[in-house]
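Coordinate analysis (summary)
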Amino acid sequence: QVQLVESGGGLVQPGGSLRLSCAASGIGFSTYTMSWYRQAPGKERELVATITSRGTGIIYVDDVKGRFTISRDNAKNTVYLQMNSLKSEDAAVYYCRGQWLSRDYWGQGTQVTVSS
């Protein structure tokens, strides 16, 4: 059974930091391109960052560049999203996504709230 389980969300003040984790099971994790998406209330789900299977290719959406860092540990089947200098507009449910050929899996999401 394939599972992508996100963790690390919570309430943080503006300017604060959080580290999200996504633990994968039931897939050949080291072959998968992994991504983080987010969805704020009333908005469409949007890509935040993507990392290729070996971590050699990384992209970020423009408004998180310089603040967020995606990384992965293939030995632990886990992808991370380090989020620094958080802003109120970063508040959303954050989802992990794994893709390989035609296989496409999503996690259930973790809530990130940015508020003073």
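Everything here concerns the structure above.
This text gives an overview of the structure that appears in the document. Just so it is clear, the model here is predicted, and its values are computed rather than measured.

With respect to the environment of Cys22
Summarising the element assignment, Cys22 is placed in strand S3 (residues 18-25). The exposure class of Cys22 is buried, given its relative accessible area of 0%. In this structure, the C-alpha to C-alpha distance between Cys22 and Cys96, residues 74 residues apart in sequence, is 6.3 Å. Each residue touching Cys22, except ones within four places of it in the same chain, is listed here: Leu4, Val5, Glu6, Met34, Trp36, Asn77, Thr78, Val79 and Cys96.

Examining the sheet that holds strand S1 (residues 3-7)
Taken in spatial order, the four strands line up as S1-S3-S8-S7 in an open sheet, and their pairing is antiparallel. The sheet is open, and its two edges are formed by S1 and strand S7 (68-73), each paired on a single side. Averaged over neighbouring strand pairs, the angle between their axes works out to 15 degrees when direction is ignored. For S1 and S3, the ladder comprises five bridges, and the chain directions are antiparallel. When the sheet's bridge partners are listed, Gln3 is paired in S3 with Ser25.

Here is what the cut-offs are and how they apply
Think of each chain on its own: its residues are numbered from 1, step by step along the sequence as written. Given that this is a predicted model, residues contribute local features only at a pLDDT of at least 70 and side-chain atom pairs are listed and counted only at 80 or more, while totals for whole chains, interfaces and linings are drawn from all residues. As a convention, hydrogens and water are excluded, and side-chain values are obtained from all of the structure's heavy atoms. Here a helix means four or more residues in a row that DSSP labels H or I, a strand means two or more in a row labelled E, and each is numbered from the N terminus. Buried, partly exposed and exposed residues are distinguished by accessible area as a fraction of the type maximum, computed with a 1.4 Å probe on protein chains only: under 20%, between the cut-offs, and over 50%, respectively. Only heavy atoms enter the contact rule, under which two residues are in contact if any of them lie within 4.5 Å. Whether two strands pair depends on DSSP finding at least two bridges between them. Lines are fitted to the C-alpha atoms to define the axes, a helix being fitted only along its stretch in contact, and any angle between axes, read from their N-to-C directions, falls within 0 to 180 degrees.

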